[in-house]
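# A structural walkthrough
The primary structure of each chain is shown beneath.
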Amino acid sequence: MNDFKAVVMTPQIYRYVREQAGQPSAVQEKLIARTLELGDSAEMQIPHEQAVLLSLLVKLTGAQTVVEVGTYTGYSTLAFAQALPPHGKVITCDMSVEWTAIAEEAWVAAGVRDRIDLRLGAAAQTLAELPDEPVIDLVFIDADKVGYVHYWDLLVPRVRQGGLLLADNTLYYGEAASEQPEGNAAAIDAFNKFVRNDPRVESVLVPIADGLTFARKL
Ligand SMILES: C[S@@+](CC[C@H](N)C(=O)[O-])C[C@H]1O[C@@H](n2cnc3c(N)ncnc32)[C@H](O)[C@@H]1O
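An unreviewed UniProt entry lists the chain under the name O-methyltransferase, with Lentzea rhizosphaerae as the source organism.

## Concerning the site of the ligand
The full set close to the ligand counts 18 residues, and Gly70, Ser76, Asp94, Ala123 and Asp142 are the nearest of them. Taking Ile46, its main chain carries an N or O atom lying 3.5 Å from an oxygen atom of the ligand. Here an oxygen atom of the ligand and a side-chain polar atom of Asp94 are 2.6 Å apart. Across the complex, the protein chains shield 90% of the 610 Å² of accessible surface that the ligand would expose by itself. Partitioned by chemical class, the residues of the shell around the ligand number ten nonpolar, five polar and three charged.

## As for the nonpolar core
If you look at the biggest cluster of nonpolar residues, it comprises 30 residues, and the most contacted ones within it are Phe80, Leu138 and Leu166. Those elements that place two or more of their residues in this core are helix 2 (26–36), helix 3 (48–61), helix 4 (75–83), helix 5 (97–110), strand 3 (116–120), strand 4 (136–141), strand 5 (159–168) and strand 7 (212–217). Ranked by residue count, the leading element in this core is helix 4, at six residues. Ignoring anything within four residues of it in the chain, the contact list for Phe80 reads Leu54, Val58, Val66, Glu68, Val90, Leu138 and Phe140. Ranked by size, the runner-up nonpolar core spans 28 residues in total, among them Leu127, Leu130, Tyr148 and Val201.

## Comments concerning the sheet that holds strand 4
Within the open sheet, the seven strands sit side by side as 3-2-1-4-5-7-6. Their pairing is mixed. Strand pairing shows two members of the sheet lacking a second neighbour, strand 3 and strand 6 (201–206), which therefore form its edges. Looking at each pair of strands side by side, their axes are set apart by 15° on average, direction ignored. Relative to strand 7, strand 6 is paired through six bridges, and the arrangement is antiparallel. Residue pairing for strand 7: Val204 is matched across the bridge by Phe214. Those strands touched by helix 5 are strand 2 (89–94) and strand 3, and its axis lies near 170° from that of strand 3. In the packing of helix 7 (residues 148–155) onto the sheet, contacts are made with strand 1 (65–69), strand 4, strand 5, strand 6 and strand 7, and the angle to strand 4 comes to roughly 175°.

## Structural notes on the environment of Pro199
Summarising the element assignment, Pro199 is placed in the loop between helix 8 (183–196) and strand 6. Owing to a relative accessible area of 69%, Pro199 belongs among the exposed residues under this scheme. Residues Pro199 and Lys217, 18 residues apart in the sequence, show an inter-C-alpha distance of 9.3 Å.

## What to know about helix 8
Three or four residues apart is the spacing at which side chains of an α-helix point the same way, because the helix has 3.6 residues per turn. Taking 1.5 Å of rise per residue, 14 residues should cover 20 Å, and helix 8 covers 20 Å from first to last C-alpha, within 8% of that figure. If you check which residues of helix 8 are buried, you get Ala185, Ala187, Ile188, Asp189, Phe191, Asn192 and Val195. For helix 8, the secondary structure elements touched by its buried residues are helix 7, strand 5, strand 6 and strand 7.

## Remarks on the pairing of strand 4
Most of strand 4 sits out of view: six of its six residues are buried. As paired elements, strand 1 and strand 4 share four bridges and run parallel to each other. Residue Val66 lies in a different strand from strand 4, and its bridge partner there is Leu138. Inspection of the sheet shows strand 4 paired to strand 5 by five bridges, in the parallel sense. If you follow Ile141 over to strand 5, its bridge partner there is Ala167. In the classification by handedness, the crossover that spans strand 4, the intervening helix 7 and the parallel strand 5 is right-handed.

## Details of the pairing of strand 2
Counting buried positions along strand 2 yields five of six residues, so the element is predominantly enclosed. Relative to strand 2, strand 1 runs parallel, the two being bridged by five bridges. Note on strand 2: the bridge partner recorded for Val69 is Cys93. As a crossover connection, the stretch from strand 1 through helix 4 into strand 2 is right-handed. Bridging between strand 2 and strand 3 involves five bridges; their strand directions are parallel.

About the cut-offs
- Once a new chain begins, its residue numbering starts again from 1 and follows that chain's sequence as written.
- Totals for whole chains, interfaces and linings use all residues, but because this is a predicted model, local features are given only for residues with pLDDT of at least 70 and pairs of side-chain atoms are given and counted only at 80 or more.
- Side-chain numbers here rest on the full set of heavy atoms in the structure, without hydrogens or water.
- Nearness is defined per residue: one heavy atom within 4 Å of the molecule or strand is enough.
- Pairs of N or O atoms are called polar contacts if they sit within 3.5 Å, as long as, within protein, a hydrogen donor faces a hydrogen acceptor (for residues adjacent in sequence, only side-chain-to-side-chain pairs).
- Computed with a 1.4 Å probe, the accessible areas rest on the Shrake-Rupley method; for each residue, only the protein chains presented here act as cover.
- Here the nonpolar group is Ala, Val, Leu, Ile, Met, Phe, Trp, Tyr, Cys and Pro; Asp, Glu, Lys and Arg are the charged ones; every other residue, Gly included, is treated as polar.
- Only buried residues count toward a nonpolar core. Its members are Ala, Val, Leu, Ile, Met, Phe, Trp, Tyr and Cys residues joined through side-chain atoms within 4.5 Å.
- Per-residue accessibility, obtained with a 1.4 Å probe over protein chains only, is compared with the maximum for each type, and a residue is labelled buried under 20%, exposed over 50%, and partly exposed between these values.
- Every helix listed is a DSSP run of H or I at least four residues long, and every strand listed is a run of E at least two residues long, numbered separately from the N terminus.
- Residue contacts are counted whenever heavy atoms from the two residues lie within 4.5 Å of one another.
- Strands qualify as paired when DSSP identifies two bridges or more between them.
- The angle between two axes is taken between their N-to-C directions and runs from 0 to 180 degrees, where each axis is a line fitted to C-alpha atoms and a helix contributes only its stretch in contact.
- The span you would expect from a helix comes to 1.5 Å times its residue count less one.
- Looking down the strands as they point away from you, a crossover is right-handed if its path from the first strand over the helix to the second goes clockwise.

Written out as structure tokens, the structure reads:
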């Protein structure tokens, strides 16, 4: 068996991968630039190729109800909203008024503001207040890493059978794989073990961007 079949990413290969994802739209370009002005926090924005993947997943699954944990400046939300049918909805949670105000400008410019339900406040509270019925088609968890297991447990029962759960940063810069991960990397490692052993889903960790876990609700 081939134990190691993976391409070790280099800047040249990464540029090539980015080229295959196509160019960001004018609204996306502007949002990338506006987010970069924020400084260090800009690294939280998902890369464009991941946004393309998120859009594809909405279309492939026919999702109409998406729940996102972690809006930031709204790049991933925009990817979901643009891929949804006109009556579809993204419920997105964040605590930052400043960052989500930037997101809202982009959503308005893209003409998808009416498909987005922004809920400000602690995500655990927002998710606990969602209806108990399993009506969510697609979930994207991309907020504080120590909260992942709790968000997962709040969301899995609310996802329909066959629905898709996505969790971002599940490699955590590769640190989740270290012998003794610390801090956020330890939280992600614990989350990964939790998902692996969760009988409610079948899952796989895909090494795109910072690691993206896919899980299908059984
Ligand atoms: C990695 S960023 C999200 C990036 C976003 N998905 C994108 O594509 O640009 C994480 C976000 O989670 C938010 N966040 C962190 N802890 C939170 C909490 N307990 N409740 C709600 N939002 C939280 C932060 O304010 C931040 O905007």
